[in-house]
Structures are given as structure tokens and as C-alpha cells.
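# A structural walkthrough
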Amino acid sequence: MSSEVFVSRPHFDSRAVAQQIPEKEPPAELEVPQLSSGSATAGYRSAKYTPAEWFSNYHTILQQACSGQHEAQRIQRGSKTLHQDTEATTLRIQAEGTCHLGDRLQEIHHWKSELQLHIDQLLADTEALLALKTRLEKALDATETPYAIATDNLNCRTRRPGPDLVRDTVEEELLKEVDLIRSIQALLKRTTAQVVSQIKMNREAKQMLEVDWSDKYQAYNFDDRSGRYTNMSPDTRHHPSSATVQEQVCNLTSWTKFTQDNLRKALQEEQATNSLRVLVEQVLLDTTDDLTVQCSSVDQAFSQRCAELIEAKTQLETKLTQILEQIGAQERNIVTLQQAIHNKEAPLRVAQSRLYLRSLRPNMELCRDEPQLSLEREVRQIDATLASLHQQLSEAKSSLAHLEESRMTIEKDIICKTNSLFIERDKCMTHRKRYPTISTLSGY
């Protein structure tokens, strides 16, 4: 029979290699007495130990057992001491951790309450700004009516007849009103844009606070659940990797600063919102007052202009009555003059006929005697009278023509004033009664 040879393996700790721990030297093997084959015998005799080897073997076993016993006792004493120390330390550290978790819960609750307070405030501020935005839009829409009225008044007044097509106080006030409405519309648009921008910033700040609040809400629940864990909790388990430092983990200072920065940003937006709300209210008040004052100025100018037109029309009508009376009187005067001229025709013919017949006297009878001189004076007197009457008739007809021209001019001007008064009073002033109220101009 061939004897088998056993070769021992080298000691290899795979866990130490994985954790990159230097491998310990294998313990020195105890010297085991080598088996002896005894004295060689012949035939079928097998190998046996000697008595000395037998004594040496069981003494070695006793020594090893005694050494193991002492080592076990030492380890048991150290384990008991370590158990007592670690048990107290573990309980103390666990109590400290629970206390720290409680403090942490209070701190998270405090910041969460602050975040909730500012979230509610930003929500209320945003709703208030949305209401102001609606008022601004309504006020901007309301300015379209005054603008349409003013431009319509200007267009209507361009249809006034020539003599009344003047750049008067009414037109100047209407142009001021148009410019004022345009500037107010531009101001309302800019203010609306500021409100929209502030609403956007409020919502962004509110979103940041809500994200922070949501994170703290989850963290609070996790820490609250962690604080409720005890050694008797059935839902605890081992998480070996949880004790390692996680990446991108902030410290307490940066954690507090993050929330404080969010709250500071929210406070800035709240203050900006309050300032903007005051500004919007003042803008709406000022624009309403400006439009109301300018509307009153335009209405007053229209009333004054209508009074002037009525007075001018009354004076023209009075003058027309007088002119018509003068025309009638002048026409009667012309008839009288024409009759007077006609009445001078017969005496003139008689005198001229007498002179003609006397001019036929023969020879020395053709004498410039007293009848001849009287007839000549008569003819000259009648001719002078006729010349004077014709001159007076010509002047009367010229005066009548001028009176007729004045009548036509006055009648045209009365028609012009009537049309202008219709445009000013019945068109423009009636249209201006549709002017928006103060509440409408204020955006309500």
C-alpha cells in the first residue's frame, strides 16, 4: 500500500482582499510529532508509535487545551466589559440622536411655518395684483370711449361752414383731451406691464418657497418617523451604506442660509408688491381726476361757444330785421323818386315846347325878352332838379343793392351759425353725455 500525502493550503482571506486590508500572517502551525513507522519488521508487521511519542502527543494536547481555555476566559472577561461599555454608550448615543432629531423637528417646523406664512402672503399679494391688473385693463378699455368722443367731436367740427371753421378754445381743449387720453393709455399700459412682471416674480418666489416647504415637509416626516424608531420597532432593518457621507450634502449653515435667502427674496417681492399696489391706486386716481377735469374744461368751452353762437345768431337776426325794414323803406323811396322824375317830364316838355315855338319868331321878334329868360331859367331849373333826382335815385338804388347784399350775407351767416350751433350743441355736446363715469374710469 502506498501512503497518501496531505498538503495543507495557504490561508487566504477574500474579505480582506475586497476591503484592501493587509493580510495577516497565518499563525504558526503547531509542531505535530511526526508519525514513526517504528522499527522495520519483516513480513506483515505494521508501523506503531513508541511510548515516548504517545506521552508527548497527549501532553501536547493537554497544553493546547489549557492554552485555549485561558484564552477563552480572557476573551469572555473582555467581551463582558466591552458589552457593558458599548451598551451604555449605544443607549446614550441613541438618546442623544433622538434628542437631536426632536430639536431638528422643532427647527424644521419653525422654518416650515415661516415659509407657509410667506407663501400665504405671496398668494394674497398675487391675488391683489391680479385684481389691480383687471382694474387697469378695464380703465384702459374705458379710455377708448372718451378718445372716440373727442376724435368724433373734432371730426364733426371740421364740417362747420367756412366762417365758423376757427381754431377756438373748444378745439384747443379737445386736442388737449386727445393728447391726455393718449398719454394716460400709455401710462396704463406701462403700469399693467409692471403688474404682470411683479405677478411673475411673486409666483417664482412662491414656487421657490413651496419647493422648500415641500422638501421640509418630507424631511419633517422622515425625521419624525426616525425619531419614533426604538430598539423594539419591527420595521427597522440594516442599511450598511446609510452611514457613508452622501454626495452633495449641505451643512447646517448652508441649509439655513438657503431658506433665509428664499424668505428674504419673498420679503423683497412682498415689499415691491405693496409699493406697486400704492402706485397703481395713485395712478388710477390721478388718471381719473385728470380725465374728469379735462372733460369739465371741454364741456365748459362748448357751453361758452354755444352761448357765443346763440348771441351772434340773435344779433344777426335783429340786424336782418332792421335791414329788411331799410330795404322796404328804400324801395318806397326809389318809387317816390321815380315818380318825382316822371312828374318833371311834363313841365320840362311844356317849357321846351314854349322855347321851341318862340325860337320860330321872325326877324327882330326873336328877342330875349322876359318870357324868354323866364323860360330858359325854368328849363335850367327843371334840368337841375331832374339831375338831382336822378342822382338821388342812383344813390338809392346803390343803397338798396348794398342792403340786399347785406341781407344775403346776414342770412347766410345766420344759416352758418345755425349749422354750427347744431354741430356744437346737438351733435358734440349730446355725444359727450356718453362720457364714462368716475367709477368706470377707475376700473370698477
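A quick note: this is a predicted structure, and the numbers were derived from the prediction, not measured.

### Remarks on the overall build of the protein chain
Helix and strand counts for the protein chain stand at seven helices and zero strands. Counting the 444 residues in the protein chain, one finds 27% classified as buried. Counting only contacts in the protein chain whose residues sit at least 6 apart along the sequence, the fraction spanning at least 24 positions is 86%.

### A look at the layout of surface pockets
Within this model, the second largest pocket holds a volume of roughly 290 Å³. Taken together, Phe 222, Arg 225, Ser 226, Tyr 229, Thr 230, Asp 235, Thr 236, Arg 237, His 238 and His 239 make up the lining of the second largest pocket. Looking at the lining of the second largest pocket, its residues break down into two nonpolar, five polar and three charged.

### What about the packing of aromatic side chains?
Within the structure shown, the criterion is met by two aromatic pairs. Pairing Trp 54 with Phe 55 gives two aromatic rings, centres 4.7 Å apart and planes at 75 degrees, and the pair type is edge-to-face. Assessed through its relative accessible area of 42%, Phe 55 is described here as partly exposed. Ring centres of Trp 213 and Tyr 217 lie 5.4 Å apart, and the angle between their planes is 10 degrees; this geometry places the pair in the stacked category. Highlighted residues: Trp 213 and Tyr 217, both in helix H4 (residues 169–228), separated by four residues, approximately one helical turn. A relative accessible area of 24% places Trp 213 in the partly exposed class.

### A word on the confidence of the model for the protein chain
The pLDDT averaged across the protein chain works out to 85; a share of 88% of its residues lies at or above 70. Confidence drops under a pLDDT of 50 for residues 1–45, and excluding neighbours within four residues, the segment shows 18 contacts in the predicted structure.

### Description of the pattern of salt bridges
Applying the stated criterion across every chain yields a total of 33 salt bridges. The salt bridge partner of Arg 432 is Glu 177, with a shortest N-O separation of 3.0 Å. With Arg 432 in the loop between helix H6 (370–431) and helix H7 (438–441) and Glu 177 in helix H4, this pair connects stretches of sequence that are 255 residues apart. Taken individually, Arg 432 and Glu 177 each receive the classification buried, so the pair is uniform in this respect. Here Arg 361 and Asp 369 are joined by a salt bridge, their closest N and O atoms 3.5 Å apart. When salt bridges that share partners are traced, they join Arg 157, Arg 160, Arg 167, Asp 168, Glu 171, Arg 305, Glu 308 and Glu 424 into one network.

### Section: the environment of Leu 165
Along the chain, the position of Leu 165 falls in the loop between helix H3 (144–157) and H4. Accessibility expressed as a relative area gives 48% for Leu 165, which makes it partly exposed. Separated by 255 residues in sequence, Leu 165 and Ser 420 place their C-alpha atoms 9.0 Å apart. Beyond its immediate chain neighbours, meaning those up to four positions away, Leu 165 contacts Arg 157, Thr 158 and Arg 160.

### Section: the packing of H3 against H6
Remark: H3 packs on H6, axes separated minimally by 9 Å, with the N-to-C direction vectors making an angle of 165 degrees. With respect to their mutual orientation, H3 and H6 come out roughly antiparallel. H6 is crossed by H3, and the crossing has right-handed handedness. Contact residues: Ile 149, Asp 152, Asn 153, Cys 156 and Arg 157 in H3; Ile 423, Glu 424, Cys 428 and His 431 in H6.

### Observations regarding the packing of H3 against H4
Contact pair H3 / H4: the axes reach a minimum separation of 10 Å and the direction vectors enclose 150 degrees. Classified by the interaxial angle, the pair formed by H3 and H4 is roughly antiparallel. When you trace H3 past H4, the crossing you get is left-handed. On the side of H3, the interface is formed by Glu 144, Pro 146, Tyr 147, Ala 150, Thr 151, Asn 153, Leu 154 and Arg 157, while H4 contributes Val 170, Glu 171, Leu 174, Leu 175, Glu 177, Val 178, Ile 181, Arg 182 and Gln 185.

### Quick look at the environment of Thr 98
As for its placement among the helices and strands, Thr 98 is situated in helix H2 (residues 51–142). Spatially, the C-alpha atom of Thr 98 lies 5.6 Å from that of Gly 227, the residues being 129 residues apart in sequence.

### Focus on the side chain of Lys 206
Following the sequence through the fold, Lys 206 ends up in helix H4. Beyond its immediate sequence surroundings of up to four residues, Lys 206 is in contact with Ile 119, Leu 122 and Leu 123.

Procedures and definitions
Residues numbered from 1 in each chain as written. Predicted model: local features only at pLDDT ≥ 70, side-chain atom pairs only at ≥ 80, totals over all residues. Heavy atoms only, no water. Helix = DSSP H or I, 4+ residues; strand = E, 2+ residues; numbered from the N terminus. Buried < 20%, exposed > 50% of the residue type's maximum accessible area, 1.4 Å probe, protein only. Contact = heavy atoms within 4.5 Å. 1 Å grid on protein atoms, 1.4 Å probe; cavity = no way out; pocket = protein on both sides within 12 Å on 5 of 7 lines; lining within 4 Å. Points joined across faces, edges and corners; volume = space filled by probe spheres on them. Nonpolar A, V, L, I, M, F, W, Y, C, P; charged D, E, K, R; others polar. Phe/Tyr/Trp six-rings, centres within 6.5 Å; stacked < 30°, edge-to-face > 60°. pLDDT = per-residue confidence, 0-100. Salt bridge = Lys/Arg side-chain N within 4 Å of Asp/Glu carboxyl O. Axes fitted to C-alpha atoms, helices over the stretch in contact; angles between N-to-C directions. Parallel < 35°, antiparallel > 145°, perpendicular 65-115°, else oblique. Left-handed = near helix turned anticlockwise from the far one by under 90°.

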